[in-house]
Amino acid sequence: PGHPMASRKESKDLTSIADFKSIGMVEYIGTIMVTLKRGRNLAPRDIGGSSDPYVIVKLGGQKIRSSTKKRTLNPDWDNEHPILLSWTGQAKDNLELEVWDADMLFPDDLMGKANVDLSGIPDGKSKTLILPLYDDENLTFAHPWMETEFDVGYDEGDATTTVRKLKSIRRKPSKNNASLLSQSTRRSVEEDALSCCFWSFFGKAGVSGCLEVEVKFHRLIAQSE
């Protein structure tokens, strides 16, 4: 995990934020930092009802893979370094997260996907997202920085009130579906949020578990000529 690879024509190491301004002929406005937290109630893909999950994070042609967690449907990536991806700021460049089951003898199995619309993301402020994981046929976009359906994030607010709101989530779109939770919240409350997210989508076509990630945008500072 770390910085995305530069193009073949430009092989220098990306050691500072200024290096992200231009890679090849593509102009970037900043970086997206993704910190993987945990997954819950993921799809079993192995004999015995377990999986060996890992996450692939994609943005604008960049692709970075996390470590693999062995024999679990409730993996934790809390101790991994954040993933840095350069971003053009264009609406077509969405953040994609894919959870896969690693296999030794056969091709890896897809466990679920989440696509995040980065429109409206503020500079310098992190947000933790709890995202339902869909299969290919039922994949939808999450809009965490807009008032739309089924986006669950942590921000300023009271933990107890938020968990109560999470438990009242319904399938019909509503402003109440964008629930808020303090970033200093106890781990037990975070687990409640993940559980509520899963049960809110339980039985919905193509959904298998939820993934928790933290996302932050760093805008490039304009350089004087």
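Our structure is the block above this text.
Residues numbered from 1 in each chain as written. Predicted model: local features only at pLDDT ≥ 70, side-chain atom pairs only at ≥ 80, totals over all residues. Heavy atoms only, no water.

J.: I'm lost on the overall build of the protein in this one. Help?
T.: Secondary structure summary: the protein contains two helices and 12 strands in total. Mapped in sequence order, the helices and strands of the protein form the string β-β-β-β-β-β-β-β-β-β-β-α-α-β. Counting over 225 residues, the protein shows a buried share of 47%. The long-range fraction of contacts in the protein, counting pairs at least 24 apart against all pairs at least 6 apart in sequence, stands at 68%. Total accessible area on the protein is roughly 12,100 Å²; 52% of this is exposed by carbon and sulfur atoms. (Helix = DSSP H or I, 4+ residues; strand = E, 2+ residues; numbered from the N terminus. Buried < 20%, exposed > 50% of the residue type's maximum accessible area, 1.4 Å probe, protein only. Contact = heavy atoms within 4.5 Å. Areas by Shrake-Rupley, 256 points an atom, 1.4 Å probe, with all protein chains shown as cover.)

J.: Please explain the pattern of salt bridges as it appears in this structure.
T.: Opposite charge on two side chains lets them pair, provided their charged atoms get close. The full count for this structure, using the stated rule, is nine salt bridges. Between Asp78 and Arg38 there is a salt bridge whose closest N-O contact spans 2.8 Å. Of this pair, Asp78 sits in the loop between strand E5 (62–65) and strand E6 (83–87) while Arg38 is found in strand E3 (residues 30–40), placing the two residues 40 residues apart along the sequence. The partly exposed category is assigned to Asp78, whose relative accessible area is 31%. (Salt bridge = Lys/Arg side-chain N within 4 Å of Asp/Glu carboxyl O.)

J.: What exactly am I supposed to notice about the nonpolar core here?
T.: As a rule of thumb, soluble globular proteins bury nonpolar side chains together. By size, the foremost hydrophobic cluster in this structure holds 29 residues, and its most contacted members are Ile32, Val34, Val57, Leu95, Leu97, Leu118 and Val213. Elements with a contribution of two residues or more to this core: E3, strand E4 (53–59), E6, strand E7 (95–101), strand E8 (109–116), strand E9 (127–134) and strand E12 (207–219). For this core, the leading source of residues is E12, giving four residues. Sequence-distant contacts of Leu95, that is, excluding residues within four places in its chain, are made with Val34, Val57, Lys58, Leu59, Leu85, Ala114, Asn115, Val116, Leu118 and Val215. (Core = buried A, V, L, I, M, F, W, Y, C linked by side-chain atoms within 4.5 Å.)

J.: Explanation requested: the packing of aromatic side chains in the structure shown.
T.: For any pair of aromatic rings, geometry is given as the distance between the ring centres together with the angle between the planes. Applying the stated criterion to the full structure yields one aromatic pair. Ring plane angle 90° and centroid distance 5.3 Å describe the contact between Trp87 and Phe217, whose orientation is recorded as edge-to-face. In this pair, Trp87 is assigned in strand E6 and Phe217 in strand E12, connecting sequence segments 130 residues apart. Residues Trp87 and Phe217 agree in their burial class; the two are buried. Over the face of the ring belonging to Tyr54 we find Arg65, whose NZ or CZ atom lies 3.5 Å from the ring centre. (Phe/Tyr/Trp six-rings, centres within 6.5 Å; stacked < 30°, edge-to-face > 60°. Lys NZ or Arg CZ within 6 Å of the ring centre and 35° of its normal.)

J.: Can you help me understand the side chain of Ser50 in this one?
T.: Within the secondary structure layout, Ser50 lies in the loop between E3 and E4. Judged by relative accessible area, Ser50 falls into the buried class, the value being 19%. Among the polar contacts listed, one links the side chain of Ser50 to the backbone nitrogen of Thr72, at a separation of 3.1 Å. If sequence neighbours within four positions are ignored, Ser50 has contacts with Pro44, Arg45, Arg71, Thr72 and Leu73. (Polar contact = N/O pair within 3.5 Å; in protein donor to acceptor, adjacent residues only side chain to side chain.)

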